[in-house]
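Results of the structural survey
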Amino acid sequence: VGANTYACGTAVKEGVLTLAAGASLPSDQIVRLEGGVLDLGGATQTVLALTGTGTVKGGTAQPTDGVYPGGVGTVGALAFQNASVEGKVFVDFAEDGKSCDGLTFSGAVDLSKVTISFANPEKIDKSRSFVLLSASVVAGKPVVENCPKGFMIDVGDDGVKLVRRGLAVILR
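Residues numbered from 1 in each chain as written. Predicted model: local features only at pLDDT ≥ 70, side-chain atom pairs only at ≥ 80, totals over all residues. Heavy atoms only, no water.

On to the environment of Glu 95, then. Mapped onto the fold, Glu 95 is located in the loop between β6 (87–91) and β7 (102–105). Considering only alpha carbons, one finds Glu 95 and Glu 122, 27 residues apart in sequence, at a separation of 9.9 Å. Side-chain polar atoms of Glu 95 contact the side chain of Lys 123, separated by 3.0 Å. (Helix = DSSP H or I, 4+ residues; strand = E, 2+ residues; numbered from the N terminus. Polar contact = N/O pair within 3.5 Å; in protein donor to acceptor, adjacent residues only side chain to side chain.)

Note that Ile 153 resides in strand β13 (residues 151–156). Along the primary structure Ile 153 and Arg 164 are separated by 11 residues, whereas in three dimensions their C-alpha atoms are 8.7 Å apart.

This paragraph deals with the packing of aromatic side chains. This structure, assessed with the given rule, holds 4 aromatic pairs. Seen in terms of ring centroids, Phe 80 and Phe 105 are 4.7 Å apart; in terms of plane orientation they differ by 15°. Their pairing is stacked. A residue pair is termed long-range when its members are at least 10 positions apart, and Phe 80 in strand β5 (residues 77–85) and Phe 105 in strand β7 qualify at 25 residues. Grouping residues by exposure puts Phe 80 and Phe 105 together as buried. Each ring, one from Phe 93 and one from Phe 130, has its centre 5.2 Å from the other, and the planes form 70°; the classification is edge-to-face. In this pair, Phe 93 is assigned in the loop between β6 and β7 and Phe 130 in strand β10 (residues 130–134), connecting sequence segments 37 residues apart. (Phe/Tyr/Trp six-rings, centres within 6.5 Å; stacked < 30°, edge-to-face > 60°. Buried < 20%, exposed > 50% of the residue type's maximum accessible area, 1.4 Å probe, protein only.)

That's the geometry; what it means functionally is another story.
Spelled out as structure tokens, the structure:
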């Protein structure tokens, strides 16, 4: 079996694309999930970018340019089943500002090698909070870039939220 030598991106539209080993996909190409599943086969896979909506499972995705849930300029969600991600995650807000991109992890996730960057913070509905990431357990803290003015990142045990800054009163 030889190396892949094609020069186009990879789109997983339905079903499962299972990789036999790390570096099965060209590292300079975009992988677009369109409802399908990318099974990393327990390996680490470096690609240029990971975009779309679908599921990544069984390994570590290392996009050098970034992760774009939904796609560039489009709101969507990516799921990770027993998988992790390293690199920059770009978060888009919908035109009406009421929703944003999200990531869901079926297990624990370490965010110490993740940067969250907000692509269009001017679109945000300032009256809302947003769930950016959910997981059973969250370890580490991400680097944050271009956080919307008046908001901050709240990293909890089971997820990451974008919340408004301000005085909080907790009644117990």
